[in-house]
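A look at the structure
These are the residues of each chain, in order.
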Amino acid sequence: MANQEQITQSPERTPLYQIGAELKARFTSFGGWEMPVQFAGISREHEAVRNTAGMFDISHMGKFTLQGKHLIDQVQGLVPSDLNRLQPGQGQYTVLLNHQGGIIDDIIIYYQGEDATGLQRAVMIVNAATTAKDKAWLLQQLDCNQVQVEDLSKAKVLIAVQGPEAIKYLQPLVQENLQLIKAFGHVPATVLEKPAFIARTGYTGEDGFEVMLDPDVGVELWRELFSAGVTPCGLGARDTLRLEAAMALYGQDIDDTTTPIEAGLSWLVHLDTKGDFIGGEVLAQQKANGVQKRLIGLQMLGRYIARHGYPVLSDGEVVGEITSGTLSPTLGYPIALAWVPSYLAKVAEQLEVEIRGKAYPAIVVKRPFYRSKNRLTI
């Protein structure tokens, strides 16, 4: 019933919607929200993030705060990553798993530390379309007598400032020294003399920050950054940027029928250092015995673009499907992600993609397609 209600309701708008309208952005419905696809043009926005700085309204993302005396121990049972590795001020990209090892959602957990009473706090950012599902899962799985979950999804603005010059533009508006924040680090901050939360994370493959703050301050921050010369960017550039960096899009590249090992996310599965967790037995079996399918990177050997849903062929037979594809603005040739049987997932494997009834050659390549020299490593 809830899903039906979501379908029939009009898309929601973020507090930054009106600014986008003033800038004559093109909008689309995404994850239940009306979001800008582009402002000045996808290529221009993409190049701004790769070369200088761009900013994105990502206020549609789900935002939870969690607190409890045994918070990390409880969340440990829901994800394959060992959260005990986190020090206060560090974050972890990971996934919520179902009992089949499938991905309920990909998330970031920011561990804020423990106070003198033993109370642990964290911020969790989840995907827009799965916010309600994720919240319900957390409330179902966590001991609500010990852990409190607060949903700030509609109460806070989230702005991503991405690109090699992100610090140059953001630092004058922030009291704290942004240079001291490491990759996936985060701090409580003062932005425009108001409280905020800043993390050195993003979804573009570039260095940058994500800033969470109250709506009125968010509007002011956007206007200040725009006046300083930061390029407003929409979902179109966000998609081409994340695809070059081979970052999966939930609901398109990965979902609750795919496991992190199948998706090439084995690096976030820490079977050797943590105890039991939901889906853990399935992942242990896959690690020991291998998997039947894999998410691969494809480069088209020509100018034809492989799009979502196009069949992948081997020796004329359909063996898989494209999940994401675009003409890479940075590389100048078409790239794609696709699911194929594991025996065809080897780098340099020759495959084909069916486009409008005709087969075009492609080759399996290493991911990411593009690695920025500006991006920090953890």
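The structure contained in this document is the topic of the report that follows. (Residues numbered from 1 in each chain as written. Predicted model: local features only at pLDDT ≥ 70, side-chain atom pairs only at ≥ 80, totals over all residues. Heavy atoms only, no water.)

A closer look at the sheet that holds strand β8 (residues 147-151)
- Taken in spatial order, the five strands make up an open sheet running β5-β6-β7-β4-β8, and their pairing is antiparallel. Looking along the sheet, the strands with just one partner apiece sit at the ends: β5 (90-97) and β8. The mean inter-strand angle of the sheet, taken between neighbouring strand axes irrespective of direction, is 25°.
- Two strands pair when backbone bridges link them, and strand β6 (residues 103-114) and strand β7 (residues 120-126) are joined in this way by six bridges, in the antiparallel orientation. Looking at the pairing, Y111 lines up with A122 of β7.
- Strand contacts of helix α5 (residues 131-141): β4 (62-68), β5, β6, β7 and β8, with the helix running at about 15° to β4, the strand carrying the most contacts. (Pairing = 2+ DSSP bridges. Helix = DSSP H or I, 4+ residues; strand = E, 2+ residues; numbered from the N terminus. Axes fitted to C-alpha atoms, helices over the stretch in contact; angles between N-to-C directions. Contact = heavy atoms within 4.5 Å.)

Regarding the sheet that holds strand β16 (residues 317-327)
- Read around the closed barrel, six strands run β14-β17-β16-β15-β18-β19, paired in antiparallel fashion. In this sheet, adjacent strand axes meet at a mean angle of 45° when their direction is disregarded.
- As paired strands, strand β15 (residues 311-314) and strand β18 (residues 350-355) are joined by two bridges and run antiparallel to one another. Residue pairing for β18: L313 is matched across the bridge by E352.
- Relative to the sheet, helix α8 (residues 235-244) contacts β16 and β17 (334-341), its axis offset from that of β16 by approximately 120°.

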